[in-house]
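Chain and residue survey
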Amino acid sequence: LDFLNDLDLIAKSKRIKRVSFYISSELEFGMAELSNLASQIEKIKTRGIETLGFASSGDIKSLYLLSHMHKKYSAPSGEFMVLLPAVESFFFGGLLKNLGVSVESFASGPYKSFAESFNRNTFSIPAKENLTMLIRSIKTQLLDSFYDNAKIESKVLKRPILTSEYLLEIGFLTGFLEEENFKENFCNKDYQETDKTGSNVEDD
């Protein structure tokens, strides 16, 4: 909440011209939190403030935040694990039964499926339908966001690993930066980046 408040103050500032975001390779935010951050970043952009993001490596969450930046940077050797939302659940009903443990649960409706992990071996039909619809909705919103913000098509995100070189090749990344250089220079007016040939170029 403090971070969101800071971003809101930045959006209201008449002095700030550029904001740099260092994106950790292991984001602990959930998709709802990331969506809130992305909304604030878009608000900053509408005020004419330039946004730049750097991620040396990461996953779908790192790429999602990067996709909302005006300029996107990564390390030349960076790799991003792309795992779109999917239904992954564990069931312990059989194990607990074999151990002689009985589970007593109460549900107020067919879609209250929290206890199913402990008293079943598979999803009930209503729970499966509900979860499938939810995951499909989240995945659709995620893919739409990537396309709207960075023109990244869904087929690209079906690859299990996206390298920085590939992301630069398809135009997602603006250029390469070493992590140390980004941290040292994020307050400077100009960045030193490398183009597709590996040569240093000035960013105006």
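Above this text is the structure in question.
Keep in mind that this is a model prediction, so the values were computed, not measured.

1. With respect to the overall build of the chain
Within the chain one finds eight helices and nine strands. Across the 204 residues in the chain, those meeting the buried criterion constitute 36%. Sequence separation of 24 or more characterises 61% of the internal contacts of the chain that already satisfy a separation of 6 or more. Carbon and sulfur atoms make up 52% of the accessible area of the chain, which totals about 12,800 Å².

2. A short note on unusual backbone geometry
Phi at Lys 151 is positive, roughly 55 degrees, even though this residue is not glycine. Of note, Lys 151 is situated in the loop between helix H6 (125-150) and strand E6 (161-163).

3. Describing the nonpolar core
The biggest cluster of nonpolar side chains holds 36 residues, and the ones touching the most others in it are Leu 63, Phe 146, Leu 157, Leu 162 and Phe 172. For this core, the secondary structure elements donating two or more residues are helix H1 (2-12), strand E1 (18-22), helix H2 (31-46), helix H3 (60-66), H6 and helix H7 (164-169). Residues within four places of Phe 172 in sequence aside, it is in contact with Leu 63, Leu 66, Ser 67, Lys 72, Ala 150, Ile 152 and Leu 167. Leu 52, Phe 54, Leu 177 and Phe 182 belong to the second-largest nonpolar core, a separate cluster that totals five residues.

4. As for the sheet that holds strand E3 (residues 58-59)
To summarise the sheet geometry, strands pair through backbone hydrogen bonds and adopt either a parallel or an antiparallel arrangement. Taken in spatial order, the three strands of this open sheet run E3-E5-E6, and their pairing is mixed. Here the strands that pair on one side only, and so sit at the sheet edges, are E3 and E6. The sheet contact formed by strand E5 (residues 79-81) and E6 spans three bridges and is antiparallel. In the strand pairing of E6, Met 81 is matched with Ile 161.

5. Considering the pairing of E1
Alternating positions in E1 separate cleanly, Val 19 and Phe 21 being buried on one face and Arg 18, Ser 20 and Tyr 22 remaining unburied on the opposite face. Relative to strand E2 (residues 50-54), E1 is paired through five bridges, and the arrangement is parallel. When the sheet's bridge partners are listed, Phe 21 is paired in E2 with Gly 53. A crossover links E1 with its parallel partner E2, the connecting element being H2, and its sense is right-handed.

6. Points about the packing of aromatic side chains
Counted by the stated rule, this structure contains two aromatic pairs. Both rings, one in Tyr 22 and one in Phe 54, keep their centres 6.1 Å apart while their planes meet at 20 degrees; by these two values the pair is stacked. Taken together, the residues span a long stretch of sequence, with Tyr 22 in strand E1 and Phe 54 in strand E2 at a distance of 32 residues. The class of Phe 54 is buried, set by a relative accessible area of 0%.

7. Digging into the environment of Thr 140
Structurally, Thr 140 can be placed in helix H6. There is a polar contact of 2.8 Å between the side chain of Thr 140 and the backbone oxygen of Arg 136.

8. A word on H1
For H1, the complete set of buried residues consists of Leu 7, Asp 8, Ile 10 and Ala 11. The arc enclosing the buried residues of H1, seen along the axis, measures out at 160 degrees, which places them on a common side. Exposed residues lying more than 90 degrees from the buried face of H1 are Asp 2, Leu 9 and Lys 12. In this fold, the buried residues of H1 make contact with E1 and H2.

Criteria and thresholds
Residues numbered from 1 in each chain as written. Predicted model: local features only at pLDDT ≥ 70, side-chain atom pairs only at ≥ 80, totals over all residues. Heavy atoms only, no water. Helix = DSSP H or I, 4+ residues; strand = E, 2+ residues; numbered from the N terminus. Buried < 20%, exposed > 50% of the residue type's maximum accessible area, 1.4 Å probe, protein only. Contact = heavy atoms within 4.5 Å. Areas by Shrake-Rupley, 256 points an atom, 1.4 Å probe, with all protein chains shown as cover. Core = buried A, V, L, I, M, F, W, Y, C linked by side-chain atoms within 4.5 Å. Pairing = 2+ DSSP bridges. Right-handed = clockwise from strand over helix to strand, strands pointing away. Phe/Tyr/Trp six-rings, centres within 6.5 Å; stacked < 30°, edge-to-face > 60°. Polar contact = N/O pair within 3.5 Å; in protein donor to acceptor, adjacent residues only side chain to side chain. Arc of directions from axis to C-beta.

Without other data, these values stay purely geometric and don't point to any function.
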